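# Observations on the model geometry
So the chains spell out like this:
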Amino acid sequence: MSAQTPITYDNEFIQVEDRDIAGWRVDMPEGKRLPTLAGNCPFCQHNCTYPVPEEVLQGGTKSAGINDRPPQLTRLIICNCRAGHNRPRGITLGCGRCWLVLLTKSGASYDLSVQRDLGILPAAEALVDAQATQNARVHGAAEKWIGGISAIYSLFSLAGVATAKNALDGLSSGQRWLVAAAMLSGLTTAGTALVLGYRAAYGWVRMVAIGDDEKLSQWHTDEGDYAARAARQLSWAIYAAFGSLAAITIMMMLVWFLPRAP
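Keep in mind it's a predicted model, so treat the numbers as computed, not measured.

What follows concerns the layout of surface pockets. Volume-wise, the largest pocket comes out at about 490 Å³. Taken together, 16 residues form the lining of the largest pocket, with Y50, I78, N80, V128 and Q131 sitting closest to its centre. Those elements that place two or more of their residues in the lining of the largest pocket are β4 (47-51), β6 (72-78) and α1 (121-154). Looking at side-chain class alone, the lining of the largest pocket contains twelve nonpolar, four polar and no charged residues.

Bringing the side chain of T36 into the picture now. Following the sequence through the fold, T36 ends up in strand β3 (residues 36-40). The class of T36 is buried, set by a relative accessible area of 17%. Dropping the residues within four chain positions of it, T36 is found in contact with R25, V26, D27, P29, T49, Y50, P51 and V52.

Time to look at the environment of D111. Here D111 is to be found in strand β8 (residues 109-114). Apart from the residues lying within four places of it in its own chain, the contact partners of D111 are L102, L103, T104 and S106.

Turning our eyes to something else, we now look at the sheet that holds β3. Ordered by their spatial adjacency, three strands build an open sheet running β2-β3-β4, and the pairing between neighbours is antiparallel. Each end of this open sheet is capped by a strand with a single partner; those strands are β2 (25-27) and β4. When strand polarity is set aside, the average angle formed by the axes of neighbouring strands in this sheet is 15 degrees. Sheet topology note: the β3/β4 ladder contains five bridges and is antiparallel. Bridge pairing in β4 links T36 to P51.

A few words now on the packing of helix α3 (residues 173-202) against helix α5 (residues 226-257). Relative to each other, α3 and α5 sit at 160 degrees, their axes nearing to 7 Å. Regarding the angle of α3 to α5, the classification is roughly antiparallel. The two elements α3 and α5 meet at a crossing, and its hand is left-handed. For the contact of α3 with α5, the per-class residue count stands at 23 nonpolar, eight polar and one charged.

Conventions adopted
Residues numbered from 1 in each chain as written. Predicted model: local features only at pLDDT ≥ 70, side-chain atom pairs only at ≥ 80, totals over all residues. Heavy atoms only, no water. 1 Å grid on protein atoms, 1.4 Å probe; cavity = no way out; pocket = protein on both sides within 12 Å on 5 of 7 lines; lining within 4 Å. Points joined across faces, edges and corners; volume = space filled by probe spheres on them. Helix = DSSP H or I, 4+ residues; strand = E, 2+ residues; numbered from the N terminus. Nonpolar A, V, L, I, M, F, W, Y, C, P; charged D, E, K, R; others polar. Buried < 20%, exposed > 50% of the residue type's maximum accessible area, 1.4 Å probe, protein only. Contact = heavy atoms within 4.5 Å. Pairing = 2+ DSSP bridges. Axes fitted to C-alpha atoms, helices over the stretch in contact; angles between N-to-C directions. Parallel < 35°, antiparallel > 145°, perpendicular 65-115°, else oblique. Left-handed = near helix turned anticlockwise from the far one by under 90°.

And the structure:
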């Protein structure tokens, strides 16, 4: 196809041959462990540039990423040329075609070839989707955690039952320790319930290394296991919430009914 002819955008996976990407450059940017690829799209023949990602957001700390250049890794490249291709509204780059490539370590750089094992394709596609939405997910998670922080601070109002003026007057030192233990248990279990509940709902945001195919497949597996993990976390959050309610109830009963000195 002529490089001068705009085509209709289509989100399509294409099978390519090594000769189709033979002209692609593999550049190693300074300070990076993985290269940047540049060349013409095998379908529309327009120029594309693809920095190979080392990490992806999973779900807020950043992982250390890969420690060394992996011997092999697979990536799904989506055409991101700037030619006009009758794109749908909201899409600004590319003709929509995508293909799998295999990077094989060679000295201080990598050799580029076609990845013919399509078993890695679902994980590679999921990685592309995750990268496209990770900024919005971080923003959304940060907004939701504001509510979580406010809820955690509100827990301190529970201590008012035991810390109000004259609430512990007349209690012995041992009795005061009983009240304190119940209060601390209630606050601890309430905080645990909140953390587990928010983790179940929104996950624990972190950066996960996906520098080679094994790490990419593991990330894909972990993403698929999210529902099972979230169900366990939510169950423990419910147990902790009832435990907190029980501890605070015990604290109030102690304050009300423990015998006091005249």
